[in-house]
Amino acid sequence: MPTPSRYWREIPQRYRLEANACKSCGIKFFPPRQICPECGNKELEPDKLAEKGKILTYTVIRVPPHQFVDQAPFAVGIVELEDGVKLTGQIVDCDFEDLKIGKEVKIEFRKISQEGESGILCYGYKFVPV
Amino acid sequence: MEGIVGYGAYIPRNRIKVEEIAKVWGADAPSYKKGLMLEEKSVPSPDQDTITMAVEASKNALKRAKIDPLEIGAVYIGSESHPYAVKPSGTVLAEALGAIPEVHTADFEFACKAGTEGMFVALGLVKSGFIKYGLGVGADTSQGAPGDALEYSAAAGAAAFIFGKENIVAEIHETYAFMTDTPDFWRREYQYYPQHGGRFTGDPAYFKHVQGAALGIMKKAGMEPSDFTYVIFHQPNGKFPFRVGKMLGFKKEQIETGWLVNKLGNTYSGSSPLGLTAVLDIAKPGDKILLVSYGSGAGSDAFILEATKRIEEVQDLAAKTRSILEKNKKYLEYGEYAKFRRKIRKAE
């Protein structure tokens with residue numbers, strides 16, 4: 001479970017898919033980096049991930065970590081976004097028999113988890129069929 | 001002239017039929033269906049709440065408004081199901097849209113009227129010149145007590161409206177509010193389910209206030225029912241909007257386009273605002289629209305709108321409300337519905 005401060009630090013990425021890109025070699029980073037690991041360049045510009053993509057691979061989780069027990073079974077996949085970035089996330093609003101590699105999905109804002117009955121609610125991105 | 005620059009809707013995919021609920025409680029489904037004019041209602045998934053639906057509806061509104069979120073000066077969510085008792089829903093919405101930090105944010109509550117309250121205030125700030133754009137959202141994931149008549153109708157959905165003075169899709173010609181202290185429906189602090197006054201929610205509550213607001217705004221604007229192409233009333237069930245429409249002199253055809261409740265249920269703060277999105281989806285330039293909300297407690301907000309030439313340019317820029325309502329539906333059995341709505345007590 002994230003602490004409120006850790007959750008807060010990740011809000012720009014979790015809510016708005018904020019990334020950055022190396023001004024020299026153009027590689028996109030999510031979450032954003034301060035130095036490009038490819039060319040060592042320190043000049044990176046703000047960027048944002050695409051909100052649509054295709055499922056590259058997926059699996060169905062039936063025995064999840066305890067904070068996701070109420071959501072089980074659920075699908076998790078790696079999606080290649082339209083900008084080429086590969087992103088892992090839950091795939092929801094899709095019956096398991098309709099999950100297919102290559103299926104078009106889009107990002108939707110959902111509740112990811114909650115800290116028990118009295119802690120913070122954690123929001124972020126999930127994938128849904130287009 | 002100020003008005004709506006962009007609008008958007010969001011409805012969860014899950015549905016439960018009246019028969020499925022009636023079966024569990026030994027109730028007579030046909031009489032409920034006939035009495036409420038209701039077939040099924042939307043149900044949020046466990047990972048959906050007022051905030052998540054408000055974000056998605058607002059993103060659809062932004063697609064139609066085509067504005068920079070940083071230019072939004074006010075973000076207001078009206079709901080009776082804000083996920084936190086203490087901590088705003090609006091901050092999450094404003095962050096998710098990228099409208100922070102120079103934005104005034106507040107959460108409104110007024111039973112089913114909270115959505116139009118947010119719209120009313122956002123519009124007022126735009127009209128006064130305090131802000132360039134204002135966002136008003138009505139969203140709810142409301143609960144009815146198990147077995148209560150409200151359980152057949154309490155549903156989930158959200159509608160969002162961005163107000164401004166440029167590139168308007170619907171001008172707002174007039175606004176009006178009508179309110180008295182009427183305890184027809186309430187939920188006390190720490191109580192999970194609301195209570196209501198049964199038939200008392202009718203004549204002295206819904207009908208008095210909706211009629212009061214509709215008559216008041218038409219008098220203020222010098223208009224009558226035949227001047228409007230469409231009218232949207234709050235939809236706590238299927239019958240009330242048609243009955244109040246008839247009392248006021250509106251025809252069935254004026255009401256039907258924005259009447260979603262038979263397949264959607266009562267989305268509380270999202271109810272009449274979602275009806276407005278369905279009307280804007282098909283409105284033609286020059287169409288005049290009357291919107292009258294209702295919130296128990298009790299009061300009604302009324303708006304007179306006129307679609308502009310830009311309406312047809314934006315209708316296809318985001319998903320249309322009736323298409324969201326009909327697409328990708330998943331029907332739940334009562335057990336799954338009870339789990340989704342956290343009606344089952346579990347060990348900690």
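Here the structure is a predicted model, which is why all the values come from computation and not from measurement.

1. Digging into unusual backbone geometry
In this chain, alanine 72 of chain A is followed by proline 73 of chain A through a cis amide linkage whose omega measures -5 degrees. As for its position among the elements, proline 73 of chain A is in the loop between strand E4 (52–61) and strand E5 (74–81). With an omega dihedral of 5 degrees, the bond running from glycine 297 of chain B to alanine 298 of chain B counts as a cis peptide bond. The residue alanine 298 of chain B is located in strand E13 (residues 297–307) in this model. The backbone phi angle of lysine 87 of chain B is positive, close to 145 degrees, even though this residue is not glycine. If you trace the backbone, lysine 87 of chain B turns up in the loop between strand E4 (72–78) and helix H4 (90–97). On the basis of relative accessibility, which here comes to 37%, the residue lysine 87 of chain B falls in the partly exposed class.

2. Digging into a positive patch on the surface
A grouping of Lys34, Arg199, Lys239 and Arg243 of chain B is seen on the molecular surface, where their side chains present a positively charged patch. Relative to the helices and strands, lysine 34 of chain B is located in helix H2 (residues 29–36).

3. Notes on the domain arrangement of chain B
One frequent convention defines the size of an interface as the accessible area lost when the parts assemble. All names here are of chain B. For chain B, the domain assignment lists domain 1 (3–170 + 318–340) and domain 2 (171–311). Computed from C-alpha coordinates alone, the two centres of domain 1 and domain 2 are separated by 16 Å. Counting residues at the interface gives 62 residues for domain 1 and 56 residues for domain 2. Where domain 1 abuts domain 2, roughly 4600 Å² becomes buried across the two surfaces, and 64% of that area is made up of carbon and sulfur atoms. Of all residues in domain 1, Met37, Cys112 and Phe120 give up the largest surface area on contact with domain 2, accounting jointly for 14% of the area buried on that side. Linking domain 1 to domain 2 there are three salt bridges. Run the count over domain 1 and domain 2 and you get 29 residue pairs in polar contact (both at pLDDT 80 or more). Put simply, the parts of the chain that give the side of domain 1 that touches domain 2 at least two residues each are strand E1 (3–10), H2, strand E3 (40–43), helix H3 (50–65), helix H5 (114–128), strand E6 (133–141), strand E7 (156–164) and helix H12 (321–326). Among the residues forming the side of domain 1 that touches domain 2, the class breakdown is 32 nonpolar, 16 polar and 14 charged.

4. Quick look at the packing of helix H1 (residues 18–25) of chain B against H2 of chain B
All names here are of chain B. Packing of H1 against H2 leaves a shortest axis separation of 9 Å and a crossing angle of 130 degrees. By the criterion of interaxial angle, the relationship of H1 to H2 is oblique. Seen from above, H1 lies across H2 with right-handed handedness. Taken together, the residues of H2 that come into contact with H1 (itself represented by Val18, Glu19 and Ala22) are Ala29, Tyr32 and Lys33. Each residue belonging to the contact of H1 with H2 can be placed in one class, and the counts come to four nonpolar, no polar and two charged.

5. Things to note about the packing of aromatic side chains
All names here are of chain A. This model, assessed by the stated rule, comprises 19 aromatic pairs over all chains. Here tyrosine 15 and phenylalanine 109 contribute two aromatic rings whose centre-to-centre distance is 5.2 Å and whose plane-to-plane angle is 85 degrees, an arrangement assigned as edge-to-face. Placement of tyrosine 15 in helix H2 (residues 11–16) and of phenylalanine 109 in strand E7 (residues 104–114) is noted, with a sequence separation of 94 residues between them. Exposure class is identical for tyrosine 15 and phenylalanine 109. Each is buried. By way of ring pairs, the aromatic residues Tyr7, Tyr15, Phe109 and Tyr123 are connected into one cluster.

6. Points about the domain arrangement of chain A
All names here are of chain A. As assigned here, chain A comprises domain 1 (1–49) and domain 2 (50–130). Taken together, the contacts link 13 residues of domain 1 with 19 residues of domain 2. Buried surface at the junction of domain 1 and domain 2, both sides included, amounts to about 1300 Å², of which 69% is carbon and sulfur. Taken together, the connections running from domain 1 to domain 2 amount to two salt bridges. Its salt-bridge partner being lysine 28, residue aspartate 83 comes within 2.7 Å of it at the nearest N-O pair. Here domain 1 is connected to domain 2 by three residue pairs in polar contact (both at pLDDT 80 or more). Looking at the side of domain 1 that touches domain 2, the element that brings in the most residues is H2, giving three residues. For the side of domain 1 that touches domain 2, the class distribution of residues is eight nonpolar, two polar and three charged.

Calculation notes
Residues numbered from 1 in each chain as written. Chains lettered and ligands numbered in written order. Predicted model: local features only at pLDDT ≥ 70, side-chain atom pairs only at ≥ 80, totals over all residues. Heavy atoms only, no water. Helix = DSSP H or I, 4+ residues; strand = E, 2+ residues; numbered from the N terminus. Buried < 20%, exposed > 50% of the residue type's maximum accessible area, 1.4 Å probe, protein only. Patch = residues over 30% accessible without salt bridge, like charges linked within 9 Å, V, L, I, M, F, W, Y side chains within 5 Å. Areas by Shrake-Rupley, 256 points an atom, 1.4 Å probe, with all protein chains shown as cover. Salt bridge = Lys/Arg side-chain N within 4 Å of Asp/Glu carboxyl O. Lys, Arg positive; Asp, Glu negative; His and termini not counted. Charge placed at Lys NZ, Arg CZ, Asp CG, Glu CD. Domains from an automatic or database assignment. Contact = heavy atoms within 4.5 Å. Buried area = accessible area lost by both parts, 1.4 Å probe. Polar contact = N/O pair within 3.5 Å; in protein donor to acceptor, adjacent residues only side chain to side chain. Nonpolar A, V, L, I, M, F, W, Y, C, P; charged D, E, K, R; others polar. Axes fitted to C-alpha atoms, helices over the stretch in contact; angles between N-to-C directions. Parallel < 35°, antiparallel > 145°, perpendicular 65-115°, else oblique. Left-handed = near helix turned anticlockwise from the far one by under 90°. Phe/Tyr/Trp six-rings, centres within 6.5 Å; stacked < 30°, edge-to-face > 60°.

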